Amino acid sequence: MNILIVGAGAIGCTFGSHLQHSGAKVSLVCRSNYQVVKESGIKLETVNWGNYTFIPDNVFKSTHEVTGKYDHVVVSTKAIPQVNLVELLKPVIAENTMIHLIQNGIGIENDLAAQYPNNPIVSCIAYIACHQKEPGYIVATSHVTYFTLGLFKLNDVDNEKLQKFIDHGRIGKLALNRDDCIQRSRWKKLIWNASFNPLSIVAGNKTSKEILDDEDLHSLVRTLMTEVVTTANHFFEEKIPLEAVDENISNTLKIGHYKPSMLLDWENGNPIEIDAILRNPILVAKEHGVDMPNLNVIYRLLKAKLKDQQ
Ligand SMILES: NC(=O)C1=CN([C@@H]2O[C@H](COP(=O)(O)OP(=O)(O)OC[C@H]3O[C@@H](n4cnc5c(N)ncnc54)[C@H](OP(=O)(O)O)[C@@H]3O)[C@@H](O)[C@H]2O)C=CC1
Ligand SMILES: CC(C)(CO)C(=O)C(=O)O
C-alpha cells in the first residue's frame, strides 16, 4: 500500500509512522520541517508507544514535486482558509485515489467533495494529544489514542477499500475505529474542541486545567459542551447522551495542564481553526433552524481577539 501524507505535522507524522510500521510505504509532503525530516526523519516521544524515529519512504518539498502513485492521500494540515486543499492536492489526486482528511471541525470535506466528486473521501477524527515541539520532533502526551474513520459519502466499493486500509492500520499498534455516521462523530469531537479551544484563548492563554480549576470558566465549558450536544441531537437519529459532557471533563482532568492546539497556534502567531470549529457548526445549526447562542458569543469574542492581534 502506497500512502502519501500531506501536512507532515504532529498528526500526520504520528499516523504515518504507524501505517509504515504495519508495512505500507509512507511518503511525506513537508513544508517548514522539510530539511530536518529529509536529513534525519522524525523523532517521536510518545506516552503510548515509547520513543522512536520515523524515516519516511520519500520526503517531498511540495505536492508539485511528488513522484509515484498513491492509493491513499492523507491530509493532516490544519483546517484553515490559508490552506487551499483543492489547489494543494491537484497534483496528487488520480482517478481512484482515496482522500483521507484528519482534521478537527465541521464542513471540512465540502470543497474537496465538490472538486473531486468521484474520489472517495474519508473523514477522520483523531483522539490524541500531540504537537510538534520543534521541526521534526513530535511529542504525544495522551494515554487515550485512537482514530475514527468514516466515508463522507457511503457506497459499497469505497467501503471495501476503506476497510482494507483500516485492517492494514490495525496490523500495528494503531487503534482505528470505523463509523458510518461520521458527521455525528465529528459533532461528538466538537464537544471538546468548541469549548476548550476558544476558551483557552479568550480567557487569557489558559491551559485546560486552569480552565477547569476556575469555577466560572468550568461552568462556561459545560455550557458550551451542552450546547454542542443538544444541537447535534437535532440532526442525528442516534442521540449523543448528555453524559458525554462529564466524560469530556473527566478525561480532560486526566491530561493535566494541556494547551489546546488552538492556543498553541495563537501563541505562535499561526492562523487558528476558528471557521471549522466555531463558524461552520453555527452555520450548519442555523440551516437546521437551531441557534447556538453561547457558541456565537465565544465565536465573536474570539474574532474580536483576532482583529486585535492583526
Ligand atoms: N495535534 C493533536 O493532538 C490533534 C490535532 N487534531 C487536528 O488535526 C489536524 C492537524 O493538526 P496537527 O497535526 O496538530 O497540526 P500541525 O500544525 O502540527 O501540522 C500541520 C502540518 O501541515 C503543514 N502544512 C500546512 N500547510 C501546508 C501546505 N500548504 N503544504 C504542505 N504542508 C502544509 C504544516 O507545515 P508548517 O509547519 O510549515 O506550517 C504542518 O507541518 C488539525 O485539524 C487539528 O485540529 C485533532 C486531534 C488532535
Ligand atoms: C482533545 C484533543 C487533545 C484530542 O484528543 C484535541 O483535539 C486538541 O488538542 O485539539
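Computed from a prediction, not measured in an experiment: that's the story for all the values here. (Residues numbered from 1 in each chain as written. Chains lettered and ligands numbered in written order. Predicted model: local features only at pLDDT ≥ 70, side-chain atom pairs only at ≥ 80, totals over all residues. Heavy atoms only, no water.)

Q: Account for the packing of aromatic side chains, with residues named and values stated.
A: Across all of its chains, the model carries seven aromatic pairs by this definition. Ring centres of F15 and F165 lie 6.3 Å apart, and the angle between their planes is 35°; this geometry places the pair in the tilted category. Here the residue F15 occupies a position in helix α1 (residues 10-21), and F165 occupies one in helix α5 (residues 156-170), the gap between them amounting to 150 residues. The same class applies to F15 and to F165, which are both buried. Each member of the aromatic cluster is reached from another via a ring pair, and the members are F15, F147 and F165. A cation over a ring is seen here: K189 above Y127, with NZ or CZ 5.1 Å from the ring centre. (Phe/Tyr/Trp six-rings, centres within 6.5 Å; stacked < 30°, edge-to-face > 60°. Helix = DSSP H or I, 4+ residues; strand = E, 2+ residues; numbered from the N terminus. Buried < 20%, exposed > 50% of the residue type's maximum accessible area, 1.4 Å probe, protein only. Lys NZ or Arg CZ within 6 Å of the ring centre and 35° of its normal.)

Q: Please give an account of the domain arrangement of the protein that cites residues and values.
A: You can read the domains of the protein as domain 1 (2-180) and domain 2 (183-309). Distance between the C-alpha centres of domain 1 and domain 2: 24 Å. Opposite the 25 residues of domain 1 that make contact, domain 2 presents 20 residues. For the pairing of domain 1 and domain 2, the buried interface totals around 1,800 Å² over both sides, and the portion due to carbon and sulfur atoms is 54%. Linking domain 1 to domain 2 there are two salt bridges. Summed over the shared surface of domain 1 and domain 2, the result is 13 residue pairs in polar contact (both at pLDDT 80 or more). Mapped onto the side of domain 1 that touches domain 2, the elements with two or more residues apiece are β8 (121-127) and β9 (130-134). Here the side of domain 1 that touches domain 2 is composed, by residue class, of 13 nonpolar, nine polar and three charged. (Domains from an automatic or database assignment. Contact = heavy atoms within 4.5 Å. Buried area = accessible area lost by both parts, 1.4 Å probe. Salt bridge = Lys/Arg side-chain N within 4 Å of Asp/Glu carboxyl O. Polar contact = N/O pair within 3.5 Å; in protein donor to acceptor, adjacent residues only side chain to side chain. Nonpolar A, V, L, I, M, F, W, Y, C, P; charged D, E, K, R; others polar.)

Q: So, the side chain of H168: which residues are in play, and what are the values?
A: Considering the arrangement of structural elements, one finds H168 in helix α5. Engagement of the side chain of H168 in a polar contact is seen with the backbone oxygen of L19, the distance being 3.2 Å. Ignoring sequence-local partners within four residues, the contact set of H168 consists of M1, L19, S22, G23 and A24.

Q: I'd love a proper account of the site of ligand 2, names of residues and values included.
A: Near ligand 2 you find N104, Y127, I128, A129, K189, W192, N193, N197, Y258 and S261, and these make up its full shell. At 2.8 Å, a side-chain N or O of K189 approaches an oxygen atom of ligand 2. Within the side chain of N193, one N or O atom sits 3.1 Å away from an oxygen atom of ligand 2. When ligand 2 is considered free in solution it has 290 Å² of accessible area, and contact with the protein chains removes 88% of it. With four residues, helix α6 (residues 182-202) is the single largest residue contributor to the shell around ligand 2. Residue composition of the shell around ligand 2, grouped by class: five nonpolar, four polar and one charged. The two domains that each donate at least three residues to the shell around ligand 2 are domain 1 (2-180) and domain 2 (183-309). (Near = heavy atom within 4 Å. Areas by Shrake-Rupley, 256 points an atom, 1.4 Å probe, with all protein chains shown as cover.)

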